[in-house]
Amino acid sequence: MEFYSNGKLFILGEYYVLEGAKVFALPTKFGQYLNIFPLKTKTLSWKSYDADGSVWYNDEIAVNDILSNNQSSDHKVRNTLIDILHQAHLMNSSILENNGFLVETKLTFPRNWGLGTSSTLINNVAQWFQIDAFQLLQKSFGGSGFDIACAQNNTPVTYQVVNNEPVVGQVTFNPPFKEHIYFLYLNKKRDSKDAIANFRKKQKNLSEEIKQVSQMTDELLEIQDLETFVSFFKNYEQNLSEILETPTIQKELFPDFNGLIKSLGGWGGDFVMVASDHNPTEYFKQKGYNIIIPYSDMIL
């Protein structure tokens, strides 16, 4: 059996999604495969490959350890994997009951890029176990679930949690200026759990902002020119900067850049979105940032 899930980039509504805002995200051309082969022994022989073909995780896990959620090891990856599979088993006990498997995961993006190593795994496991991926996410990692929406859809999505249920909208986002949009890797990964904890620590009453962000998601889909797009996101970044009490990434790292640099997801790492009327590759390379990907090469 083979399963596949898309990676994700969170474009508008990061942090606010946790409070019920309607937000916007894009599935990427990069993702993760999960291949399953039956074994006669009651073990999971697990091997995870990075995009370059190297093995970044290799383990033998007794099925009984998964059934009992036995996390005796101090290995964080192993414990996380056992927990995900244990929660999946509780939702559908028929898969592991009397079976063992050889399992291979294969990323098509470097693991440190932060495009959804965990969310693509959870969605793939949910497909394998024939269970609801959003529920599996809540029972294991937690989080808003926007990344699961991207994993499951080949179009841009709006996403909102309403009465604890995910509401996913497939939308069209095909701006005439998309050749002026790029995605820049900041050479460091950001722990989204830390970013969320920081946001919650600083949180105020955001009911008005939640309404505004939901409205902005609809407005974004109507923008037809680069200048409006840049102005739209600069205003958004400044407002969120004041709530987070954190300078924007543009002010912090690229104050002399002529155009837009917008954080995506947890501020301070992974990818940022760049919008510029000229190709900015040389500007970033001179500053030591060598991974800059055009919109058409990144987004489905």
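Just so we're clear, the structure is a prediction, and the values are computed from it rather than from any experiment. (Residues numbered from 1 in each chain as written. Predicted model: local features only at pLDDT ≥ 70, side-chain atom pairs only at ≥ 80, totals over all residues. Heavy atoms only, no water.)

A. Spotlight on the nonpolar core. W128, F183 and F229 are the most contacted members of the largest nonpolar core, which totals 84 residues. Residues within four places of F183 in sequence aside, it is in contact with L9, I11, L264, F271, V272, M273, I291, I292, I293, Y295, M298 and I299. Core analysis: the second largest hydrophobic core is formed by 13 residues, F254, F257, V272 and Y289 among them. (Core = buried A, V, L, I, M, F, W, Y, C linked by side-chain atoms within 4.5 Å. Buried < 20%, exposed > 50% of the residue type's maximum accessible area, 1.4 Å probe, protein only. Contact = heavy atoms within 4.5 Å.)

B. Representation of the packing of helix α7 (residues 207-220) against helix α8 (residues 226-244) in the model. Two elements in contact, α7 and α8, have axes whose closest approach is 12 Å; the angle formed by their N-to-C orientations is 160°. When the axes of α7 and α8 are compared, the pair comes out roughly antiparallel. Relative to α8, the crossing made by α7 is left-handed. Packed against α7, whose contacting residues are E209, V213, M216, E219 and L220, the element α8 presents F229, F232, F233, Y236 and I243 at the interface. Each residue belonging to the contact of α7 with α8 can be placed in one class, and the counts come to eight nonpolar, no polar and two charged. (Axes fitted to C-alpha atoms, helices over the stretch in contact; angles between N-to-C directions. Helix = DSSP H or I, 4+ residues; strand = E, 2+ residues; numbered from the N terminus. Parallel < 35°, antiparallel > 145°, perpendicular 65-115°, else oblique. Left-handed = near helix turned anticlockwise from the far one by under 90°. Nonpolar A, V, L, I, M, F, W, Y, C, P; charged D, E, K, R; others polar.)

C. Focus on the sheet that holds strand β8 (residues 181-185). The four strands lie next to each other as β9-β10-β8-β11, forming an open sheet whose pairing is antiparallel. Looking at which strands have only one partner, the edges of the open sheet turn out to be β9 (260-263) and β11 (292-294). Direction aside, the axes of adjacent strands within the sheet are offset by 25° on average. The pairing of β8 with β11 spans three bridges and is antiparallel. Within the sheet, the bridge partner assigned to L184 lies in β11 and is I292. Sheet strands in contact with α8 are β8, β9 and β10 (271-275), and its direction is about 45° off that of β9. (Pairing = 2+ DSSP bridges.)

D. Expanded view of helix α3 (residues 117-129). Here α3 is 13 residues long and its end C-alpha atoms lie 18 Å apart, about the 18 Å a rise of 1.5 Å per residue gives. Among the 13 residues that make up α3, eleven are buried, leaving the element largely enclosed by the rest of the structure. Buried within α3 are the following residues: T117, S119, T120, L121, I122, N123, N124, V125, A126, W128 and F129. The positive-phi residue at the C-terminal boundary of α3 is Q130, with phi of around 60°. (Expected span 1.5 Å × (residues − 1).)

E. Layout of α8. Between its first and last C-alpha, α8 extends 27 Å over 19 residues, near the 27 Å set by a 1.5 Å rise per residue. If you check the start of α8, you find a side-chain oxygen 3.4 Å away from the backbone N of E227, and it comes from D225. E245 sits one or two positions beyond α8 and adopts a positive phi of about 55°. (Polar contact = N/O pair within 3.5 Å; in protein donor to acceptor, adjacent residues only side chain to side chain.)

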